[in-house]
Amino acid sequence: MADRDVAIVGGGISGLAALHYLRRQRPEWCVTLFESDRRLGGTIGTDHIDGYSFDWGPNGFLDREPLTLQLCEQLGLTDKIERANDNVSNRFIARGGKLRAVPMSPPKFFTSDILSLKGRLRVMMEPFARRPDGDKDESVYSFVERRIGKEAADYLVQPMVSGVYGGVAERLSLKSCFPIMHTMESEYGSLFKAMIARKKQAKAAGRKSGGPSGPGGWLTSFTGGLSAIIERFEELYRDEIVVGNGVERIEKDADDYRLHLRTGESLTARHVILSLPAYAAAPVVSAVSTTLSNALSAIPYAPISVVCLGYPRESVKRPLDGFGFLVPSKEGLTILGSIWTSSIFADRAPQGRVQFRTMVGGDGDHESVNLSDNDLLARVTSDMDSLLGLQGEPEIVKIYRWSHGIPQFRIGHGELLKQIEAELAWAGNLYVTGNAYYGIGLNDCVKQSHRVVEQIVASESVTKS
Ligand SMILES: Cc1cc2nc3c(=O)[nH]c(=O)nc-3n(C[C@H](O)[C@H](O)[C@H](O)COP(=O)(O)OP(=O)(O)OC[C@H]3O[C@@H](n4cnc5c(N)ncnc54)[C@H](O)[C@@H]3O)c2cc1C
């Protein structure tokens, strides 16, 4: 008999959610989570300094995934949930050195200055756009350029892709990043027609419909920052968690897996969940399957730095009346965009102060993330000053660097997933979860961990019957 029913490797949100679902569904099982770092949370963390709260990586999740909301409720966090302020529906894009409001309705789009008249007319031609050649894995850029034109691709979609995915639209796979857009085109022949049809269906069913990039949602976090969820997991499950001891490699041991820990001990487990970034999972599984290991290492990651700045409110000339802004690469700035954190969640800065979270790097810029703190700060404040009008220096600066920040679902990602799934099925009782596979957000991590736990529970029920 194995030492553990299930071993979970990696203590970010994915591993912790898997642990939670296993404890709820099979409290009698012996489950242990191994985390190599001395702390839990992975990219989730919050620093509280001088009245400011700085999130290290993610700063929230969209409230569109019922599983995540249910998870918060099960963890007893409902009272701590903090929804973004109502004014955050205003969003801006930098063009020609000015911030321009993103139009949120068709009439506003007609009169907006975000695209030239020619560019706006080209968007209106969307229903007549040519269909794709076959069913190849098309890039996000090529899809958008084909359907709504080059100007919209450069000034509306590319900045959104670099802001959310840290990616380059020409390299990313439409089917993997925006599967809904792909389905809308194949089912209705046009995004506009699909949106109208979906709106009607949603109205009939009494729910809200989302845009072409997916169902909408409201940014949601917890009072004081996102790390509240990690602290709660830790309180509930500390007896099942080992921190500061990573898993170096695993190998098959008859029907079980043997896990070799970095401290030299080893143990066996019947099922193993790898809740690690794909590049970190690759060496762990190399003794089980080199094909699996190679497929995992073939998922690239983009570096990203989060530069958090605090200013007295009067040092910022522009009203911070929205979510923040994105910067198209054609603008030639270093920053990808900036979130007006204290406008979104008022408690992230002390009274009379504001906080910005500005992103640098991504797959299109592997150099800026390696600048020294001073040089990075100088570039960020100069770009921000040109768009917002800043007086003086920030009163507080925190820089969080992620050398392997965000997995990139490039063209061919779907094929990699097929290989990974096939090798996992061949190995048996081995599972992966995290943001490298089916979606990069926190909601995707929770969903994937839930799916994996369901799979394990179902497989054990079959074994026993
Ligand atoms: C800058 C940034 C901003 C983001 N913003 C958002 C956002 O606003 N909203 C959103 O939904 N998502 C956002 N994301 C994505 C989100 O952070 C991730 O999807 C999510 O946190 C990934 O969680 P995870 O548990 O899968 O992986 P991780 O958080 O990477 O956790 C993996 C864990 O595995 C551990 N580990 C590694 N190797 C080993 C080993 N051999 N043995 C044991 N443990 C090991 C690591 O130490 C780590 O703790 C952002 C990401 C970044 C980088």
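Note that the structure is a prediction, hence the values are computed from the model and not measured.

(A) Structural detail: the side chain of E460. One can find E460 in helix 16 (residues 442-464). When its relative accessible area of 9% is taken as the criterion, E460 is described as buried. Among the polar contacts listed, one links the side chain of E460 to the side chain of H271, at a separation of 2.8 Å. Residues within four places of E460 in sequence aside, it is in contact with W29, R270 and H271.

(B) Spatial organisation of the site of the ligand. Around the ligand lies a shell of 33 residues, among which S14, E35, G60, I440 and L442 are the nearest. Here N59 contributes a side-chain N or O atom positioned 3.2 Å from an oxygen atom of the ligand. Within the contact set of the ligand, a nitrogen atom lies 3.2 Å away from a side-chain nitrogen or oxygen of R262. Burial of the ligand by the protein amounts to 87% of the accessible area it has alone, namely 1000 Å². Counting only elements with at least two residues in the shell around the ligand, the list comes to helix 1 (13-25), strand 2 (31-35), strand 14 (301-312), strand 18 (396-407) and helix 16. Its residues placed into classes, the shell around the ligand shows 14 nonpolar, 17 polar and two charged. Inspection of the shell around the ligand shows a minimum of three residues originating in each of domain 1 (4-42 + 228-299 + 410-464) and domain 2 (46-87 + 301-407).

(C) Structural context of the side chain of R95. Along the chain, R95 turns up in strand 7 (residues 91-95). Owing to a relative accessible area of 19%, R95 belongs among the buried residues under this scheme. Within the structure, R95 has its side chain in polar contact with the backbone oxygen of I114 (distance 3.0 Å). Leave out the neighbours within four places in its chain, and R95 touches R100, I114, L115, S116, E151, Y155 and E331.

Here is what the cut-offs are and how they apply
Residues numbered from 1 in each chain as written. Predicted model: local features only at pLDDT ≥ 70, side-chain atom pairs only at ≥ 80, totals over all residues. Heavy atoms only, no water. Helix = DSSP H or I, 4+ residues; strand = E, 2+ residues; numbered from the N terminus. Buried < 20%, exposed > 50% of the residue type's maximum accessible area, 1.4 Å probe, protein only. Polar contact = N/O pair within 3.5 Å; in protein donor to acceptor, adjacent residues only side chain to side chain. Contact = heavy atoms within 4.5 Å. Near = heavy atom within 4 Å. Areas by Shrake-Rupley, 256 points an atom, 1.4 Å probe, with all protein chains shown as cover. Nonpolar A, V, L, I, M, F, W, Y, C, P; charged D, E, K, R; others polar. Domains from an automatic or database assignment.

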